[in-house]
Amino acid sequence: MSTSEPRPERVTHALVRDVRLPGGLGTLALVTLDNGLDHTKPTTLGPQGIAELTATLRSLQERAAAGEIAAVAVTGKPYYLAAGADLLQVAGVRTREAALALGRGGHEAYRMLGEMGVPTFAFVNGAALGGGFEVALNCDYRTAAADVRALALPETGLGLVPGWGGAYLVPRLVGIEKAVEVVLTRPAANTPYTAAQAAQIGLVDVVLDPADFLEESVRWAAGVLRGDVVVERRPLDDAATWEAVVEAARTRLDAVVHGSRPAPGRALDLMAAARDADRDAAFAAEDEALADLILSDEMRASVYAFGLVQGGKKPTGAPDPSLARPVTRVGVVGAGLMAGQIALLFAQRLGVPVVMRDLDQERVDHGLAAVRSTVERLVSSGRMTSDAGARITTQITGSTDLAVFAGCDLVIEAVTEVLELKKRVFAELEDVVAPDTILATNTSALSVTRMAADLRHPERVVGLHFFNPVAAMPLVEVVQAQATSDEALATGFAVAAKLRKTPVLVKDRPGFVVNRLLVLLLGIIVDAVEHGTPVEVADRALDPLGLPMPPFELFDLVGPAVGLHVLTSLREDLGDRFPRSPGLEKLVADGTTVVTPAPAKGLPKRVDPAVQAVFDAARETPPADEPLDEAGVLDAVLTALTVEIGHMLDEGVVTTPQQIDLCMILGAGWGFHLGGITPYLDRTGYSERVLGRRLLPDGVANVPTT
Amino acid sequence: MPSTSRPDARVPAARRVVFVDGVRTPFGRARKDGLYAHTRADDLAVRTVRELLRRHPRLPPERVDDVALAATTQQGDQGLTLGRTVAMLSGLPTTVPGFAIDRMCAGAMTAVTTTAAAIGFGAQDVTIAGGVEHMGRHPMGFDADPNPRFLAERIVAADALNMGVTAENLHDRFPALTKERADAYGAASQAKYAAALAAGKIDPDLVPVALRDPANGWGLATADEPPRPGTTLEGLAGLATPFRAGGRVTAGTSAPLTDGAAACLLAAEDVAEELGLPVRMRLVSFAYAGVEPEVMGLGPVPSTQKALARAGLTIDDIGLFELNEAFAVQVLSFLDAFGIADDDPRVNPYGGAIAVGHPLASSGVRLMTQLARQFAEHPEVRYGLTAMCVGLGQGGTVIWENPHFTAEEAAR
């Protein structure tokens, strides 16, 4: 992305053909939304497309008034109804007038679908997202094809609100409780509705087979016109229910979002008012909310982040893919938790034999049993066919004999994070495998270069750093050590892509990207506690960032021992920026749990106040006279992150700030509203203050300041 | 020696086979701007199969024992064993098998008689039979590689594969078949189709087809495209004779190149009763016969003689005829052979292929579907027949009995 003007709008046309309805019911005017491009270029709605739709619908309104047509239906080109507003056009808006016009333009077009004078139908033939789904919501009736898997209003996840009628229409259509799920919960979890799920809550009226979806949709519409098909609409929820659901949702938002981004709250405000507002007032409120949000840095950072994730499939700096070595057999050194997850993923996605090896038979058996039980769970829950499950359990084998790795094209080690141990593993492997077998390490913080240093063929060693849980986390850091050959690197990228992960090229520096920043953040938090900040204050301090979890919950997730180990190892390599904490060492030594259980699913786990005493008892230096408060801790963390990112870019860990952001989004789950992290550091002035420069050019991930 | 206690195999006796229902897509002109220019052939067939299942909810889909679908050019979207692929694409259970079949123009007819034979033998209970031809995507004879021996050994004349030329050959052989008679027949076909359409006799057999063309968006095919209402004798007289300079066969007396699909549901009569399926026709007999390829249009004459003989009937027993109109002269040669007048009202009462079109391998089932509708209108008729000519010199005839027939009506 650059600061230059966005690419020209891919104009979505509103094509109209008349369809003769059965039984002498007259003519249905069928509108197809189509940008004239194939399925790799989803239909999106920009200003020109909206203008064309407006003109089309206006002429249909006239035809309806003249009695020429009995109904209007809207459908899309294959696989899409429409994928929403053209985000690049939205993010190009510079003035509030233009932002307001964008909302009003959509409303002007869409509301005609609800005020056509004849019944209107949406034939939802494919993905319908955001503004695309709002086309359907504004119609009187909706059919959906059974194979549609992407019905959603993801706006609040992108810094916006469903502002082309969605915030008003959804709670009135499906009730306020489900509307909260549609507008807030699902976008946060990034899980769209399938057609069947949408029908279940009333977002669509009927689900029809894809084989003759359009034909049957026309037949269904004719049934509605004849009166044979009657769609019951639920009455509006009563005011008390409405208010109670909104309040519960607000409490939850406060606990999770902490005001880190405005969109969810604005969406909730609109839905709160939707019960008693009329259409004019509600749509005007949507326009205002959209205008405010379009001119928010959170929205711009979200669009930037969305673009990064979409573009992540084409990795920066990867060598020529044709250099990649075919992988037909994979070895995994170790049979522990991580090793088992990696073996399963490789067998599942590469479809090749995978052999795990550990020191004794008990560990091997345990590892294989863990794989089997995961497969059984996937099969019994319907997420994997029993045939695939049988194939995978047959393809993953185990042994204590190193010789089983002989025929492998790729061997990845996932043994304990001790350099000498890993070096020995690789050295032993070299006596068994072919000279060109790729050796990969899943190390999270050790030097890959040192690991490879004493090998006969160090050029074959590459880092493939997966994140826990392996199946769910989309990032793989592909580590280029000093001697790593293009062939090894290309194989790493090819394998990551086949595993359906997003590979990011990183240089062999301690902690690479994600762990270096996450562990630094944890280090600064405990350092504040060491200096007298109460644990609960430190735990709350990062709330305004809206991170996926508070710091002590993160500690708990990675395991305090692992966290401490990486922190120590990073301090040894990178210095005292990664502080020492006697309190943390004591917690790990005692195996103390640092958090209390979450009060409800989806709510954060907070630090256990009892942990305070451990820190106090272990403290080796007296606390500061004025320990940092929340703002002070937040400032310390952001300053440290900025300093570190400056170092990382200087060291060439990655070549651009964009890659740091991509890693933090996909490897740590950091929010779109932060743009990963560098847009946030830019817009809050940290990068200017600490580094004397912006990390990203003005306007790339924020509202341009000039 | 095998144990004598083992039972003998059960060899079934022949069962009555009935025509439960038939549907077709609207027909389109096989042209770059035709109705189905952007529609796949297999999708056309899928629509007909799904419509049959939808119209007969009492038929459990897993009771379909076979799906036989014909196409003359079995490649691309008409390849890959249509009966099986269309069954799968139609949502039939994976347990339902299917196959592809070819006898050029009589493809669908052969799909019907082949699976009917299996039902009669007792090997199957319910079948779907039909055909499709997207002549826009698969022009006649495209990519064919005729054996050079055909010509070297004079097995056929060089132009026997050009259907229009074989029609001219019929005019040559039978001087009584004049261009004027052919033109009059062509005009009548158009007029009879227009009247049937206006009377609501065409639409009930049609299944609408979604159309998408990137320039115009989605639409819905609900009516036949080929017919040319208002065709006059004067208009026909002036048309070019593309198959021979100074010839007699014109576009007005030939079936147009057409895209379309048709399919029907067949069942053993006892199974139809068990499942509560309607019986619209009963199969009486069928026959195929060969003639010289140079006059392939004569094929239905010997095939009809054979079918009548097998049924123990004569041509006088036949009360309704659905004859495929590959060419007007070809139908007239049949009528002359059996002493039937050119304008006999028993023949093609809804018009024929000259008006509605002839998507080769699908037409046989269109004839049957229309005959079934006419049977319901004519309880005084006991027997009817469907017949068609086939390229390379063949004819096919199927004789049907009208289940609505009553002796009282016949006596009126």
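Residues numbered from 1 in each chain as written. Chains lettered and ligands numbered in written order. Predicted model: local features only at pLDDT ≥ 70, side-chain atom pairs only at ≥ 80, totals over all residues.

A. Broad picture of the pairing of strand β15 (residues 461–466) of chain A. Residues and elements named next belong to chain A. Burial analysis of β15 places 6 of its 6 residues in the buried class, which makes it a mostly covered element. Side chains Val461, Gly463 and His465 project from β15 onto one buried face, and the interleaved Val462, Leu464 and Phe466 project onto a second face that is buried too. Summarising the sheet, strand β14 (residues 438–441) and β15 pair through 3 bridges and their orientation is parallel. Opposite leucine 439, over in β15, you have valine 461 as the bridge partner. Bridge count between β15 and strand β16 (residues 475–480): 4 bridges; the pairing is antiparallel. Across the sheet, the residue bridging to leucine 464 is valine 478, located in β16. (Buried ≥ 20, exposed ≤ 12 C-beta atoms within 10 Å, placed from the backbone. Helix = DSSP H or I, 4+ residues; strand = E, 2+ residues; numbered from the N terminus. Pairing = 2+ DSSP bridges.)

B. Geometry of the sheet that holds strand β13 (residues 410–413) of chain A. All names here are of chain A. Spatially, the 8 strands line up as an open sheet ordered β12-β11-β10-β13-β14-β15-β16-β17, and their pairing is mixed. Of all the strands in the sheet, just β12 (396–399) and β17 (502–507) have a single pairing partner and so form its edges. For this sheet, the mean angle separating the axes of adjacent strands, direction not counted, is 25°. In this structure, strand β10 (residues 330–333) lies alongside β13, joined through 4 bridges in parallel fashion. Within the sheet, the bridge partner assigned to glycine 331 lies in β13 and is valine 411. Each of β11 (354–357) and β12 is contacted by helix α14 (residues 361–380), which is oriented at about 165° to β12, the strand it contacts most. (Axes fitted to C-alpha atoms, helices over the stretch in contact; angles between N-to-C directions. Contact = placed C-beta atoms within 7 Å.)

C. Broad picture of the environment of Pro319(A). Residues and elements named next belong to chain A. With respect to the element layout, proline 319 can be found in the loop between α12 (297–311) and β10. Residue proline 319 is classed as partly exposed on the basis of its C-beta count, with 19 C-beta atoms lying within 10 Å. Considering only alpha carbons, one finds proline 319 and valine 562, 243 residues apart in sequence, at a separation of 33 Å. In this structure, proline 319 is in contact with Asp486, Leu489 and Ala490, ignoring residues within four places of it in sequence.

D. Spatial organisation of the confidence of the model for chain B. Per-residue pLDDT for chain B averages 95, and the proportion of residues at 70 or more is 99%. Overall fold confidence for the complex sits at a pTM of 0.93, while the interface term, ipTM, reaches 0.92. (pLDDT = per-residue confidence, 0-100.)

E. Expanded view of unusual backbone geometry. Residue and element names in this part refer to chain A. Residue proline 469 is bonded to the preceding asparagine 468 through a cis peptide linkage, with omega at 0°. For proline 469, the position within the fold is in the loop between β15 and β16. Even without being glycine, asparagine 190 reaches a positive phi, approximately 55°. Tracing the backbone shows asparagine 190 in the loop between α6 (176–189) and α7 (195–201). Judged by the 10 C-beta atoms lying within 10 Å of it, asparagine 190 is exposed.

F. Main features of the interface of chain A and chain B. With 15 residues of chain A at the interface, the matching set in chain B holds 16 residues. In terms of residue count, strand β1 (residues 13–20) of chain A provides more of the side of chain A that touches chain B than any other element does, 4 residues in total. For the side of chain A that touches chain B, the per-class residue count stands at 6 nonpolar, 3 polar and 6 charged. (Nonpolar A, V, L, I, M, F, W, Y, C, P; charged D, E, K, R; others polar.)

G. Quick peek at the sheet that holds strand β6 (residues 127–129) of chain A. Residues and elements named next belong to chain A. The 3 strands lie next to each other as β4-β6-β8, forming an open sheet whose pairing is parallel. The open sheet is flanked by β4 (80–82) and β8 (151–152), the only strands paired with a single partner. Note that β6 and β8 share 2 bridges and pair parallel. Following the sheet pairing, leucine 129 is matched in β8 by alanine 152. Helix-sheet contacts for helix α4 (residues 131–138) involve β4, β6 and β8, and the interaxial angle to β4 is about 85°.

H. Local environment of helix α5 (residues 163–173) of chain B. Considered for burial, the residues of α5(B) that qualify are Met163(B), Thr166(B), Ala167(B), Asn169(B), Leu170(B) and His171(B). Where the residues of α5(B) are buried, they touch α10 (328–337) of chain B.

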